[in-house]
Amino acid sequence: MSEKPTIAAKQPIEVTLTAGNEIWFCTCGKSATQPFCDGAHKGSDFSPMGYTPESSGPAWLCQCKQTQTPPFCDGSHNAL
Ligand code: FES
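Calculation rules
Residues numbered from 1 in each chain as written. Predicted model: local features only at pLDDT ≥ 70, side-chain atom pairs only at ≥ 80, totals over all residues. Heavy atoms only, no water. Helix = DSSP H or I, 4+ residues; strand = E, 2+ residues; numbered from the N terminus. Buried < 20%, exposed > 50% of the residue type's maximum accessible area, 1.4 Å probe, protein only. Contact = heavy atoms within 4.5 Å. Core = buried A, V, L, I, M, F, W, Y, C linked by side-chain atoms within 4.5 Å. Disulfide = S-S within 2.5 Å. Phe/Tyr/Trp six-rings, centres within 6.5 Å; stacked < 30°, edge-to-face > 60°.

Q: Sorry, what's going on with the side chain of H41 here?
A: Mapped onto the elements of the fold, H41 is located in the loop between β2 (23-25) and β3 (49-51). Its relative accessible area of 18% is what places H41 among the buried residues. Discounting chain neighbours no more than four positions away, the residues touching H41 are C28, F46, S47 and P48.

Q: Just checking my understanding: could you explain the nonpolar core for this structure?
A: Note that soluble globular proteins tend to have their nonpolar side chains buried in a common cluster. Counting residues in hydrophobic clusters, the biggest one holds eight residues: V15, L17, I23, F25, A59, L61, C62 and C64. For this core, the secondary-structure elements that each account for two or more residues are β1 (13-17), β2 and β4 (57-61). Sequence-distant contacts of F25, that is, excluding residues within four places in its chain, are made with P35, C37, P48, M49, L61, C62, K65, P70 and P71.

Q: Whenever I open this one, the state of the cysteines confuses me. Can you help?
A: Using the criterion set out here, one finds zero disulfides in the structure. Among the cysteines around C28, which has no disulfide bond, C26 carries the closest sulfur, lying 4.0 Å off.

Q: Whenever I open this one, the packing of aromatic side chains confuses me. Can you help?
A: To describe a pair of aromatic rings, you give the distance between the ring centres and the angle between the ring planes. Inspection of the entire model under this criterion finds one aromatic pair. Ring centres of Y51 and F72 lie 5.3 Å apart, and the angle between their planes is 90°; this geometry places the pair in the edge-to-face category. One end of the pair, Y51, is in strand β3; the other, F72, is in the segment after β4, and 21 residues separate them in sequence. For Y51, a relative accessible area of 23% corresponds to the partly exposed category. Of the residues examined, F72 reaches a relative accessible area of 26% and is grouped as partly exposed.

Q: Just to check I follow, could you spell out the environment of K30 for this structure?
A: On the secondary structure map, K30 appears in the loop between β2 and β3. For K30, a relative accessible area of 45% gives the class partly exposed. Sequence separation of K30 and T6 is 24 residues, and the distance between their C-alpha atoms is 6.2 Å. Beyond its immediate stretch of four places on either side in the chain, K30 contacts T6 and A40.

Q: How do you make sense of unusual backbone geometry when you look at a structure like this?
A: Excluding glycine, residues mostly carry a negative phi; peptide bonds, for their part, are mostly trans. Residues Q34 and P35 are joined by a peptide bond in cis, for which omega reads 5°. Here P35 is to be found in the loop between β2 and β3. With an omega of 5°, the peptide bond between P70 and P71 qualifies as cis. With respect to the helices, strands and loops of the structure, P71 is situated in the segment after β4. For K65, which is not glycine, the phi dihedral falls at a positive 70°.

Structural data, given as structure tokens:
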């Protein structure tokens with residue numbers, strides 16, 4: 001992958017995940033519905049990442065798109 005993702009925000013966003021309900025995590029950073037895909041990646045090298053939570057509850061998902069543990073924030077935004 002040669003294109004760099006857009007930094008949607010330099011902090012994570014809290015969402016409520018539901019066990020077994022797949023989400024589509026935005027990896028390009030261009031989605032207007034962060035942290036989820038809205039189709040804005042079309043025409044780029046990016047595609048959304050499917051993730052199915054094993055448990056329900058709150059989670060902090062990455063918006064800077066630099067995390068090494070997508071879809072979760074790993075603190076990488078602190079270096080931006
Ligand atoms: S928001 Fe991307 S690592 Fe924290």
